[in-house]
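# Descriptive analysis of the structure
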Amino acid sequence: MKDDLHLAARPGTEAVMLGNHALARGAVEAGVHLVTAYPGTPSSEIAEALCDAASEQGFHAQWSTNEKVAIDIAAGAALVGMRSLVAMKSAGLNVAMDTFVTVPYGGVKGGFVVVVADDPDAHFSSTEHDSRPLAKQAEILCLEPADGGEGKEMVRQAFDISEKLELPVMVRSVSRVSHGSANVTLGEIRKVQRRPHFNKHYGFSYRWDVYGPPGTRFRHEWLLRQFPKIQAYVDESPFNELVMAPGGRLGVIASGLGSAYALEAIRTLGLEGKVHWCKLGVAFPLPEKKVAEVLAACDTLLVVEEGIDWIETLVRGIAQKTGARCRVTGKGDGLPIPLYGEINTDMVIASLAPLAGKRAPADPKRKALKDELSAGLCPRSSTLCAGCPHLGAYWGLRQALQKQGKDSVHILNGDIGCYEQAGYGIFAENLSSADDHKVWKAQSVYEMLDTIYVMGSALGMAQGQSLAGYDRGKIVAIAGDSSFFHGNLPAVANAAWNGGNVLFMVLDNRWTAMTGHQPSPTTGRVGDGRSAVSLDIVETSKALGVKNVLQASAFDVKSVKEAIEKAWTLEGAVIVVISGECRLQWLRRHRKDVRPVTKVDPDRCNGCGICLPLGCPALGLGPDGKKTEIDQILCNSCGLCAQVCARQAISAAPVETETVKAGPVKNEGGAK
Amino acid sequence: MSTANSTGTINVIVAGVGGQGSILAAHILGKAAIRQTAAIRQTAAIGQTAAIRQTAAIRQTAPGRPVKVRIGETYGAAMRGGKVFSHVRIGDARAPLTAEDGADIIIGLEPLETLRVAIPYLSPEGVCVVNTAKYIPADVKMGRAGYPEMDSILAALKRLGRQVISFDATAAAQELGRAAVMNTIMLGAASATGLLPMDEKTLRDTIAEEAPAGTAELNMKAFDRGREIAQSLSKTGAKS
């Protein structure tokens, strides 16, 4: 069995761990009792590893249906005195926000840790959204690790701090901490033996009752009375570091991952010991005395952080409060560290060097060489996998759309999941907004989706487009099985209730595939691998009041096209559930049985290229550029390309699919 | 054996395409560095520090400081076929990513992606060990972009760094019976350059431990094959 958390290793051992695994290890070392999460990159590996470890270590861990449900469950456990952790990505905190900002009014009894992984540069996200200011909104402590090793310590200590403060503690990670690896020293695994406890008197802090006297305002006062305790912790927190440079007039304050880049920049510029240095492991509230000491000693202070200019703004506030005359500069001040994207060592060097009276290293000849060589690169666009069931679903939709009028402009609204790659485009194409007057046709599956906002938004947006009277083309919403249960249930109910001519395609591939194949409510498993009920999207939709629910198989293009065409003859919101298991998961069970059987007959193939927009990465033009070839290493024998070819030039074995073994529900993924 | 650059850190970047095993290769390097450090501590404890000469390199990376390993990965949303870059930083590293022009060695599992990462990151003194087997992007397969000529990729790498060692590691892996051991062949080739801050034995032990069940022997063969190829290329001067 894989041991991502090194549970079998002796304490004191040094291990190279993924940041998320280190964060998870911190929870195990603290004796966590309950863990919840909804998968979201870059946070998923935290709960994934904890789900794997749960039964052996004797705690409960689960994938919940969404982050709101996850935080409620974790909060419930903390209210009865148990140690709980909930993990999510930045967008997930928005989903969980109602509970996140309300639980602090009541306070908690057991240690309650909320781990949020932000994604600066939006590698895997709809926004770059910085979660740290939300700790202020909730008036709770926010820790921010520089790397996995520190993250493990923070999570471990956060449970104790939370119990002392009677408040949730937030730990804010970022992609490069969560998905980076670092050497970590393993600590003791503590077992916290505890029985859940509850008492009915409203005066207890863990039992906030919004109706009962003295009510909300009283609880807010209580929360604010906790703040000096938070501040007292922060002032002494081992995660903040202050190193003064006697005689220096320049300072650097850096938080979390920013401190890693800043330290390397300081070293590269030979400024060690020459600048005042304040490393922050706490992102809210700030250690005011330490910050004030640096401010008082400096003419100029550079703030380095990953995210928005959050620390910078707080430091300015402290400067104003303490009457410091220091210039505070950083992201919000025109330096070469922009407010978007990620920072790096080079940006910090470029910002810090002039402040220190040094020239930032620059080599115009090398830059010219790089520009020249960059021009010769070719892009590598993101694609769906070979044999992906979504390829079949999109091809069926494409065929159905192509039969509509030539001047139609359809709106395809995507939810969040692997299928959103149908909106990523092919990077080699350069479109310009000056071409808005033309009617654009999607040239491949990757140019089909028009909107991809957040989880659960596609159907509502489609409904809005319809109710606003859009009539230049079809309106479609597309989501997956996991997102169906995550955020779409209220939207489905609303569509059934309020109407609108919307086609809602639910692509059920049986897994939360994009974040690493966690089980979804349709898989038939829970997080720790045990069998569970497999929820039925068709029956659920009907129960929510949708009259017309149709079904198709993703590996049978014709069935998809026909179901969609049928849907368009019906009034109101129509759901088409398109089933077909994620091919990678299917292959994990069937690798041995799959033979490379999909072949192109070169005599029949006339190189028309009709199969290429299918978007399968195993398909491509051969070296002569005249005929299609199938990459036998990449091909996963799904047979879709054979259905697409108009000249029957591609031969494939019948598609074999079956449902997940642990799942008790009948197979809806089978094509034939 | 290398010495550390100005920041006391040796920077290795493993570049490839999702599914090629670049992340595993990067983690093997990180774990080997920790294993090597533990070996140094042990030999120091029994007074035989000088006996293991090669391990000195890892200490050189960060005199007087504990060895830190940082691995920063960049990859996109695709499950398969996306570009993947892993920065493995050994020594006194703090940040997950190498600074511009900071990579001492790039282990390139795919030529186009090797060039893509070499442009910003390869040190003018750096070395590229590159697999010449192309993994064609969808853009090219759909006829909407052209894959650069191999000669121009290798020439570009040469202009960016000090040395390029190139060969078809995928073909070599297929000769061994399994395309999947290409990454191990590349680790072997990288080890033959003498630039990695850990010795051959430590790398072999780490690979044997990290290899998927039942493949340790094949991976050992692959590692040796990679070393052999790189050494013969160096001898014959066939390196470009």
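All of these numbers come straight from a predicted model, not from anything done at the bench.

### Brief notes about the overall build of chain B
- Each helix and strand in chain B was counted, giving nine helices and six strands.
- Counting over 240 residues, chain B shows a buried share of 59%.
- Sequence-distant contacts in chain B: of pairs separated by 6 or more residues, those separated by 24 or more amount to 70%.

### Focus on the overall build of chain A
- Helix and strand content of chain A: 20 helices and 26 strands.
- What you see for chain A is a C-alpha radius of gyration of 27 Å, in line with the 26 Å of a compact globule of 672 residues.
- When the backbone C-alpha atoms are referred to their principal axes, chain A occupies close to 80 × 70 × 55 Å.
- Residue burial in chain A is summarised as follows: out of 672 residues, 56% are buried.
- Across chain A, the fraction of contacts at a sequence separation of at least 24, relative to all contacts at a separation of at least 6, is 78%.

### With respect to the interface of chain A and chain B
- Listed as interface residues are 51 residues of chain A and, on the opposing side, 48 residues of chain B.
- Ranked by residues supplied to the side of chain A that touches chain B, first place goes to helix α9 (residues 257-268) of chain A with six residues.
- Within the side of chain A that touches chain B, the residues separate by chemical class into 24 nonpolar, 18 polar and nine charged.
- Here strand β8 (residues 181-185) of chain A pairs with strand β2 (residues 68-75) of chain B via two bridges, running antiparallel. Across the sheet, the residue bridging to A:A182 is B:R70, located in β2(B).

### Considerations on the domain arrangement of chain A
Residue and element names in this part refer to chain A.
- Taken as a whole, chain A is organised into domain 1 (14-236), domain 2 (241-355), domain 3 (389-426 + 440-582) and domain 4 (596-651).
- The C-alpha-based centres of domain 1 and domain 2 are spaced at 27 Å.
- In this complex, domain 1 contributes 26 residues to the contact, which on the side of domain 2 involves 19 residues.
- Broken down by class, the residue content of the side of domain 1 that touches domain 2 amounts to 13 nonpolar, one polar and 12 charged.

### Considering the packing of helix α1 (residues 19-29) of chain A against helix α2 (residues 44-57) of chain A
All names here are of chain A.
- Two elements in contact, α1 and α2, have axes separated by 8 Å at closest approach and are oriented at 35°. As α1 packs across α2, the resulting crossing turns out to be right-handed. Contacts between α1 and α2 pair N20, H21, L23, A24, A27 and V28 from the former with E45, I46, A49, L50, A53 and Q57 from the latter.
- Tallied by class, residues from the contact of α1 with α2 come to eight nonpolar, three polar and one charged.

### Considerations on the nonpolar core
- Membership of the largest hydrophobic core comes to 187 residues, with the highest contact counts inside it found for A:L50, A:V115, A:I253, B:V129 and B:M186.
- Examining the composition of this core, we find that eight residues originate from one element, helix α1 (residues 22-45) of chain B, more than from any other.
- Viewed by domain, this core spans two of them, domain 1 (14-236) and domain 2 (241-355) of chain A, each represented by three or more residues.
- Excluding residues that lie within four positions of it along the chain, A:V115 makes contacts with A:L23, A:S43, A:I46, A:L85, A:A87, A:V155, A:V171 and A:S173.
- Judged by nonpolar contacts, the second largest core, of 82 residues, contains A:A491, A:A513, A:C635 and A:A649.

### Let's talk about the pairing of strand β4 (residues 103-108) of chain B
Residue and element names in this part refer to chain B.
- Among the six residues of β4, six are classified as buried, and the element is accordingly described as predominantly covered.
- When strand β1 (residues 9-17) meets β4, the two strands line up parallel, connected through four bridges. Residue pairing across strands places V12 opposite I105, the latter belonging to β4.
- Here β4 pairs with strand β5 (residues 122-131) via five bridges, running parallel. The residue bridging G108 from the neighbouring strand is V130, located in β5.
- Between β4 and its parallel partner β5, the chain crosses via helix α3 (residues 111-121), and the hand of that crossover is right-handed.

### Remarks on the pairing of strand β3 (residues 60-63) of chain A
Residue and element names in this part refer to chain A.
- As judged from the four bridges shared by strand β2 (residues 34-37) and β3, these two strands associate in the parallel manner. Residue pairing in the sheet places L34 in a bridge with H60 of β3.
- The handedness of the β2 to β3 crossover, carried by α2, is right-handed.

### Quick word on the environment of B:V129
- Counting through the fold element by element, B:V129 comes out in strand β5.
- On a C-alpha basis, the gap between B:V129 and B:E175 in space is 20 Å, while along the polypeptide they are 46 residues apart.

### Some thoughts on the sheet that holds β3(A)
Residue and element names in this part refer to chain A.
- Read across the sheet, seven strands follow the order β3-β2-β4-β5-β7-β6-β12 without closing on themselves; strand pairing throughout is mixed. Each edge of the sheet is formed by a strand with only one pairing partner; in this case those strands are β3 and β12 (282-284). Along the sheet, successive strands turn relative to each other by an average axial angle of 20°, direction set aside.
- Relative to strand β7 (residues 169-174), strand β5 (residues 112-118) runs parallel, the two sharing six bridges. Of the residues in β7, the one forming a bridge with D118 is V174.
- Across the face of the sheet, helix α4 (residues 90-106) comes into contact with β4 (84-89) and β5 while running at roughly 135° to β4.

### Side note on unusual backbone geometry
Residues and elements named next belong to chain A.
- Of note, the bond from T41 into P42 is cis; its omega dihedral lies within 30 degrees of zero at 10°.
- Structurally, P42 can be placed in the loop between β2 and α2.
- The linkage connecting F284 with the following residue, P285, adopts the cis geometry, with an omega of -15°.
- Positionally, P285 belongs in the loop between β12 and α10 (288-297).
- Phi at A122 is positive, roughly 45°, even though this residue is not glycine.
- Relative to the elements of secondary structure, A122 occurs in the loop between β5 and α5 (132-138).
- Exposure remark for A122: the 16 C-beta atoms within 10 Å place this residue in the partly exposed category.
- One non-glycine residue, E166, lies in the positive phi region at around 60°.
- In this structure, E166 sits in the loop between α6 (148-165) and β7.

### Details of the environment of A:G387
All names here are of chain A.
- Inspection of the secondary structure assignment puts G387 in the loop between α13 (364-375) and α14 (389-402).
- When the 28 C-beta atoms within 10 Å are taken as the criterion, G387 is described as buried.
- Separated by 230 residues in sequence, G387 and P617 have C-alpha atoms that sit 8.7 Å apart.
- Dropping the residues within four chain positions of it, G387 is found in contact with R583, N636, S637 and C638.

### Things to note about the confidence of the model for chain B
Residues and elements named next belong to chain B.
- The predicted model of chain B averages 85 in pLDDT, with 82% of residues at 70 or higher.
- Of all secondary-structure elements in chain B, the lowest mean pLDDT belongs to helix α2 (residues 56-60), at 46, while helix α5 (residues 150-160) reaches the highest, 98.
- Predicted confidence for residues 1-6 stays below pLDDT 50, and this span has 16 contacts to residues more than four positions away or in other chains.
- Scored below 50 in pLDDT, residues 45-64 makes 38 contacts in the model with residues more than four places away or belonging to other chains.
- Model confidence for the complex is summarised by a pTM of 0.93, with the ipTM given as 0.92.

### Points about the sheet that holds strand β21 (residues 548-553) of chain A
All names here are of chain A.
- Here we have six strands laid out as an open sheet, ordered β16-β15-β17-β18-β22-β21, and parallel in their pairing. Looking at strand neighbours, the two that pair on one side only are β16 (451-452) and β21, the edges of this open sheet.
- Where strand β15 (residues 411-414) and strand β17 (residues 475-480) come together, four bridges link them in parallel fashion. The residue bridging G414 from the neighbouring strand is I478, located in β17.
- Sheet strands in contact with helix α15 (residues 457-467) are β15, β16, β17 and β18 (503-508), and its direction is about 170° off that of β17.
- Along the sheet, helix α16 (residues 481-498) makes contact with β17 and β18, crossing β17 at roughly 140°.

### Quick look at the environment of B:R80
- Locating B:R80 in the fold gives a position in the loop between β2 and β3 (83-91).
- The exposure class of B:R80 is partly exposed, given the 19 C-beta atoms found within 10 Å.
- B:R80 sits 60 residues away from B:Q20 along the chain, and the two C-alpha atoms are 9.2 Å apart.
- Here B:R80 is in contact with A:C385, B:G18 and B:G19, once residues within four sequence places are set aside.

### Examining helix α11 (residues 310-322) of chain A
- Taking 1.5 Å per residue, 13 residues should reach 18 Å; α11(A) reaches 19 Å between its end C-alpha atoms and fits that length.
- One or two residues past the end of α11(A) sits A:G323, with phi positive at roughly 70°.

The rules we used
- Every chain is numbered independently, its residues counted from 1 as its sequence is written.
- All chains are assigned letters beginning at A, and all ligands numbers beginning at 1, according to the order in which they are written.
- Predicted model: local features are reported for residues with pLDDT of at least 70 only, side-chain atom pairs are reported and counted for 80 or more only, and whole-chain, interface and lining totals are derived from all residues.
- Only DSSP runs of H or I covering at least 4 residues are called helices, and only runs of E covering at least 2 are called strands; the numbering of each starts at the N terminus.
- Buried, partly exposed and exposed are defined by the number of other C-beta atoms within 10 Å of a residue's own C-beta, namely 20 or more, between the two limits, and 12 or fewer respectively, with C-beta atoms placed from the backbone.
- A pair of residues counts as a contact when their C-beta atoms, built from backbone coordinates, are separated by no more than 7 Å.
- In this treatment the radius of gyration is a C-alpha quantity, and the globule benchmark scales as 2.2 Å times the residue count to the 0.38 power.
- Only Asp, Glu, Lys and Arg are considered charged in this grouping, and only Ala, Val, Leu, Ile, Met, Phe, Trp, Tyr, Cys and Pro are considered nonpolar; every other residue, Gly among them, is considered polar.
- A pair of strands is considered paired only if DSSP assigns at least 2 bridges between the two.
- How far each domain reaches was decided by an automatic or database domain assignment.
- Axis lines are fitted to C-alpha atoms, over the contacting stretch for helices. Their N-to-C directions set the angle, which ranges from 0 to 180 degrees.
- Left-handed is the label given to a crossing in which the near helix is rotated counterclockwise from the far helix by less than a right angle, and right-handed is the label when the rotation is clockwise.
- Each nonpolar core consists of buried Ala, Val, Leu, Ile, Met, Phe, Trp, Tyr and Cys residues. Their C-beta atoms, within 7 Å, join them into a set.
- By convention a crossover is right-handed if, when the strands point away from the viewer, the path from the first strand over the helix to the second runs clockwise.
- On a range of 0 to 100, pLDDT expresses the predictor's confidence in each residue.
- In this analysis, the expected span of each helix is defined as 1.5 Å times one less than the number of residues it contains.

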